[in-house]
Amino acid sequence: MKYVIYTSPEGLRLSTFAAPTTHADDAGMHPGWSPASAGYVQFLGGGRVRCYGSSASLKLAPRSGDEPLIEALMAATLGINPPPGS
């Protein structure tokens, strides 16, 4: 699964999507948002994720805060308990 984390006037935003959409295609759908990091996300189960790779089309890579942010969003929206220590 691909992802982009954006900054927007309202705060951070997360977009997840699958191929064949490119990271740049997704960014084009959010003209008021600025891509901050991008790559691929693997859902490991138990509310944990792994971010890896990079976006060739946006020339961005994951940042150290991406995994905890995605895990917190999953916990909030899907009712998944956050991993211990999050």
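Right above here is the structure, for reference.
Remember, it's a predicted structure, so these values are computed and weren't measured experimentally.

Now for the nonpolar core. In terms of nonpolar packing, the biggest core is built from seven residues, these being Tyr-3, Ile-5, Val-41, Val-49, Cys-51, Ile-70 and Met-74. Those elements that place two or more of their residues in this core are β1 (2-8), β4 (48-52) and α2 (66-78). Excluding anything up to four places from it in sequence, Cys-51 contacts Tyr-3, Tyr-40, Val-41, Pro-62, Asp-66, Glu-67 and Ile-70. Membership of the second largest hydrophobic core comes to five residues, among which are Val-4, Tyr-6, Phe-17 and Ala-38.

A few words now on the pairing of strand β3 (residues 34-45). Here β1 pairs with β3 via six bridges, running antiparallel. Considered in β3, the bridge of Ile-5 is made with Ser-37. Two elements, β3 and β4, share five bridges in a ladder whose sense is antiparallel. Note that in β4 the partner of Gln-42 across the bridge is Arg-50. Hairpin connection between β3 and β4: a loop of two residues separates the two successive antiparallel strands, and Gly-46 in this loop has a positive phi of roughly 65°.

Spatially, β2-β1-β3-β4 is the arrangement adopted by the four strands of the open sheet, whose pairing is antiparallel. Strands at the two margins of the open sheet, each flanked by one partner only, are β2 (11-17) and β4. With direction set aside, neighbouring strand axes in the sheet form an average angle of 35°. The strands touched by α2 are β1, β2, β3 and β4; relative to β4, the strand with the most contacts, the crossing angle is about 145°.

Once that is clear, we can look at the pattern of salt bridges. Under the criterion given, the structure shown has one salt bridge. For Arg-13, the salt bridge goes to Glu-10, with nearest N and O atoms at 3.8 Å.

Here is what the cut-offs are and how they apply
Residues numbered from 1 in each chain as written. Predicted model: local features only at pLDDT ≥ 70, side-chain atom pairs only at ≥ 80, totals over all residues. Heavy atoms only, no water. Core = buried A, V, L, I, M, F, W, Y, C linked by side-chain atoms within 4.5 Å. Buried < 20%, exposed > 50% of the residue type's maximum accessible area, 1.4 Å probe, protein only. Helix = DSSP H or I, 4+ residues; strand = E, 2+ residues; numbered from the N terminus. Contact = heavy atoms within 4.5 Å. Pairing = 2+ DSSP bridges. Axes fitted to C-alpha atoms, helices over the stretch in contact; angles between N-to-C directions. Salt bridge = Lys/Arg side-chain N within 4 Å of Asp/Glu carboxyl O.

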